[in-house]
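# Structural overview
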Amino acid sequence: GLSMELCVQYLVDGYMKEEFLSEECGVYMMMYDMALNQCIQQFIGMDTNVVQRWKKNEAFTMLKGIRSFGAVLYRHRFIIVLGGIINHNLVNEIYFLDLQSDQGWQLSPVVIPQRGMCSALLIDDTIHIFPYYAFT
């Protein structure tokens, strides 16, 4: 596998490099946004020699069998899933996941007005639901 240092270098080269043509010599030069470089290296732990490791949280596992639902991220904390299809049945339930707790997916006491497939859009604190129909 690749070392963390090499992965960081690929990240820096691929995403933070700005190339420009030098007017003086007509060759490509590379300039790095050092603030962004430092931010990404801090994020992945390179400045402290600490490597961040992802750990699976079973409570966050997506609801089994649900599809064609609307979903929004509310206040960078809650994932809200609206309607959709579960086991070939149209549903109007709302489920939510609090990313700051280990309670897992919870069923809301509130439902959407119409059973079925939908898309969702969050504007300010209002969720707009757009039903759609398709052959499944």
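Please read all numbers here as calculations on a predicted model, not as lab measurements. (Residues numbered from 1 in each chain as written. Predicted model: local features only at pLDDT ≥ 70, side-chain atom pairs only at ≥ 80, totals over all residues. Heavy atoms only, no water.)

### Some thoughts on the pattern of salt bridges
To keep things clear, this is the line we draw: We define a salt bridge as a contact between a side-chain nitrogen of Lys or Arg and a carboxyl oxygen of Asp or Glu at a distance within 4 Å. Helical segments are the DSSP runs of H or I of at least four residues, strand segments are the runs of E of at least two, and each set is numbered from the N terminus. Summary of the burial criterion: residues with accessible area below 20% of their type's maximum are buried, those above 50% are exposed, and those between are partly exposed, where the area comes from a 1.4 Å probe applied to protein chains only.
Scanning all chains against the criterion turns up two salt bridges. Between arginine 77 and aspartate 98 there is a salt bridge; the shortest N-O distance is 2.8 Å. Of this pair, arginine 77 sits in the loop between strand 4 (70–74) and strand 5 (78–86) while aspartate 98 sits in strand 6 (residues 89–98), and the two are 21 residues apart along the sequence. Among the residues examined, arginine 77 registers a relative accessible area of 29% and is labelled partly exposed.

### Overview of a nonpolar patch on the surface
For clarity, the threshold we go by: Here a patch means residues that are over 30% exposed by relative accessible area and free of salt bridges, tied together within 9 Å if like-charged and within 5 Å if nonpolar (Val, Leu, Ile, Met, Phe, Trp, Tyr). Note on areas: these come from Shrake-Rupley sampling with a 1.4 Å probe, and a residue is covered only by the protein chains present in the view.
There is a patch of nonpolar side chains on the surface, built from Leu121, Ile123 and Phe130 and spanning about 260 Å² of accessible area. With respect to the helices, strands and loops of the structure, phenylalanine 130 is situated in strand 9 (residues 126–131). Residue phenylalanine 130 is classed as partly exposed on the basis of its relative accessible area of 43%.

### Regarding the side chain of serine 101
Applicable threshold: In protein, a polar contact requires one atom able to donate a hydrogen and another able to accept it; more generally it is a pair of N or O atoms within 3.5 Å, and residues adjacent in sequence count only if both atoms are side-chain atoms.
Looking at where serine 101 falls in the secondary structure, it is placed in the loop between strand 6 and strand 7 (105–111). The exposure class of serine 101 is buried, given its relative accessible area of 17%. From its side chain, serine 101 meets the backbone nitrogen of glutamine 103 in a polar contact 3.3 Å long.

### Focus on the pairing of strand 6
Applied cut-off: Here, strands pair whenever DSSP counts at least two bridges between them.
Examined bridge by bridge, strand 5 and strand 6 share eight bridges and lie antiparallel to one another. Among the inter-strand pairings, glycine 84 is bridged to a residue of strand 6, identified as valine 91. The turn joining strand 5 and strand 6, which pair antiparallel and follow one another in sequence, is formed by two residues; a positive phi near 50° is taken by asparagine 87. Taken together, the four bridges between strand 6 and strand 7 define a ladder with antiparallel strand orientation. Residue pairing in the sheet places phenylalanine 96 in a bridge with glutamine 106 of strand 7. Between strand 6 and strand 7, which follow one another and run antiparallel, lie six residues, and glycine 104 among them has a positive phi close to 80°.

### Quick look at the pairing of strand 9
Where strand 8 (residues 118–123) lies against strand 9, six bridges are found, and the strand directions are antiparallel. When the sheet's bridge partners are listed, serine 119 is paired in strand 9 with phenylalanine 130. Where strand 8 folds back on strand 9, the antiparallel hairpin that results is connected by two residues, among which aspartate 124 adopts a positive phi of roughly 55°.

### Overview of the environment of threonine 61
The criterion, for reference: Here, residues are in contact when the closest pair of their heavy atoms is within 4.5 Å.
Tracing the backbone shows threonine 61 in the loop between helix 2 (34–43) and strand 3 (66–67). Separated by 36 residues in sequence, threonine 61 and leucine 97 have C-alpha atoms that sit 9.8 Å apart. Filtering out sequence-adjacent residues up to four positions away, threonine 61 remains in contact with Lys56 and Trp105. Of the polar contacts made by the side chain of threonine 61, one reaches the backbone oxygen of glutamate 58; its length is 3.0 Å.

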